[in-house]
Amino acid sequence: MILLVLTVLAAITGGGFGFYMVATVERAVDEKKKGEQDKTSQVLKYSGDMAIKGLAPVVTNLSGSAETWIRLESSIVFTNGSMQNPDVMAAEIRQDVLAYLRTLTLPQIEGASGLHHLREDLNERAQMRSKGLVRELIVETLVVQ
């Protein structure tokens with residue numbers, strides 16, 4: 001008789017613990033999904049008031065080697081109406097990009113980290129030249145030959 005009571009008590013306790021664990025896991029999953037939905041709705045980096053201006057392609061040789069050439073096509077993103085003459089600003093930024101690319105060596109731009117550092121440096125130069133009016137310099141194509 002005692003064995004039967006203990007068996008029933010163990011089954012009830014195990015079932016109750018199982019239901020508790022399932023409810024806890026479901027709550028955690030629901031909270032995680034809700035957090036991910038909030039993140040995806042806040043991903044927008046730019047508003048609808050942005051403009052993009054393509055820069056002329058930059059072709060130059062890299063530092064240390066007259067045989068290694070680089071071609072970079074890029075664009076700048078800025079708030080529409082913030083610049084009086086975006087064409088002049090684009091030309092100035094292109095000149096800065098050209099001067100910067102002439103100082104680079106091939107090992108500095110190799111790999112994913114090299115490309116990441118290049119993008120950061122070009123963005124910083126564009127923002128400094130425009131006094132913060134350029135939001136981002138987008139690298140469209142990069143060819144090293």
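Refer to the structure printed above.
All figures in this text were calculated on a predicted structure; none of them were measured in a lab. (Residues numbered from 1 in each chain as written. Predicted model: local features only at pLDDT ≥ 70, side-chain atom pairs only at ≥ 80, totals over all residues. Heavy atoms only, no water.)

For the rest of this paragraph, the subject is the overall build of the protein chain. In terms of regular secondary structure, the protein chain is built from 3 helices and 4 strands. Each helix (α) and strand (β) of the protein chain, taken in turn from the N terminus, gives the series α-β-β-β-α-α-β. Its C-alpha atoms give the protein chain a radius of gyration of 29 Å, more than 25% over the compact-globule value 15 Å for 145 residues. In terms of principal-axis extent, the alpha carbons of the protein chain reach across some 95 × 40 × 20 Å. Counting every position in the protein chain, which comprises 145 residues, the buried fraction comes to 23%. The long-range fraction of contacts in the protein chain, counting pairs at least 24 apart against all pairs at least 6 apart in sequence, stands at 71%. Side-chain charges in the protein chain split into 15 positive and 17 negative, and the spacing between the mean points of these groups amounts to 2 Å. (Helix = DSSP H or I, 4+ residues; strand = E, 2+ residues; numbered from the N terminus. Rg over C-alpha atoms; globule rule 2.2 N^0.38 Å. Buried < 20%, exposed > 50% of the residue type's maximum accessible area, 1.4 Å probe, protein only. Contact = heavy atoms within 4.5 Å. Lys, Arg positive; Asp, Glu negative; His and termini not counted. Charge placed at Lys NZ, Arg CZ, Asp CG, Glu CD.)

Before going further, it helps to spend a moment on the side chain of serine 74. The residue serine 74 is located in strand S3 (residues 69–79) in this model. Apart from residues lying up to four places away in sequence, serine 74 is in contact with Gly54, Leu55, Leu137, Ile138, Val139 and Glu140.

At lysine 131, a residue that is not glycine, the phi angle is positive and equals roughly 60°. Relative to the helices and strands, lysine 131 is located in the loop between helix H3 (111–129) and strand S4 (134–144).

Okay, H3 next. In this model, H3 (19 residues) spans 27 Å end to end at C-alpha, consistent with the 27 Å of a helix rising 1.5 Å per residue. When H3 is considered as a whole, its buried residues turn out to be Gly114, Leu118, Leu122, Asn123 and Ala126. Projection of H3 onto a plane perpendicular to its axis shows the buried side chains occupying an angular sector of 170°, all on one side. H3 presents Ala112 and Met128 as exposed residues on the side facing more than 90 degrees away from its buried surface. Close packing links the buried residues of H3 with S3, helix H2 (86–101) and S4. Count one or two residues on from H3 and you reach lysine 131, which has phi positive near 60°. (Expected span 1.5 Å × (residues − 1). Arc of directions from axis to C-beta.)

So, on to the packing of H2 against H3. Orientation of H2 relative to H3, taken along the N-to-C sense of each, is 140°, at an axis distance of 10 Å. The angle between H2 and H3 places the two elements in the oblique class. Crossing of H2 over H3 shows right-handed handedness. Between H2 and H3, the residues in contact are Met89, Glu92, Ile93, Asp96, Val97, Tyr100 and Leu101 and Leu118, Asp121, Leu122, Arg125, Ala126 and Arg129, respectively. Classifying every residue of the contact of H2 with H3 gives 8 nonpolar, no polar and 5 charged. (Axes fitted to C-alpha atoms, helices over the stretch in contact; angles between N-to-C directions. Parallel < 35°, antiparallel > 145°, perpendicular 65-115°, else oblique. Left-handed = near helix turned anticlockwise from the far one by under 90°. Nonpolar A, V, L, I, M, F, W, Y, C, P; charged D, E, K, R; others polar.)

All chains considered together, the criterion is met by 4 salt bridges. The residue aspartate 87 makes a salt bridge to lysine 53 at a minimum N-O spacing of 2.8 Å. Of this pair, aspartate 87 sits in helix H2 while lysine 53 sits in strand S1 (residues 50–54), and the two are 34 residues apart along the sequence. Residue classification places aspartate 87 among the partly exposed positions, given a relative accessible area of 46%. Residue lysine 53 is classed as partly exposed on the basis of its relative accessible area, which comes to 26%. The salt bridge partner of arginine 71 is glutamate 73, with a shortest N-O separation of 2.6 Å. (Salt bridge = Lys/Arg side-chain N within 4 Å of Asp/Glu carboxyl O.)

These values are about where atoms sit, not about what they do.
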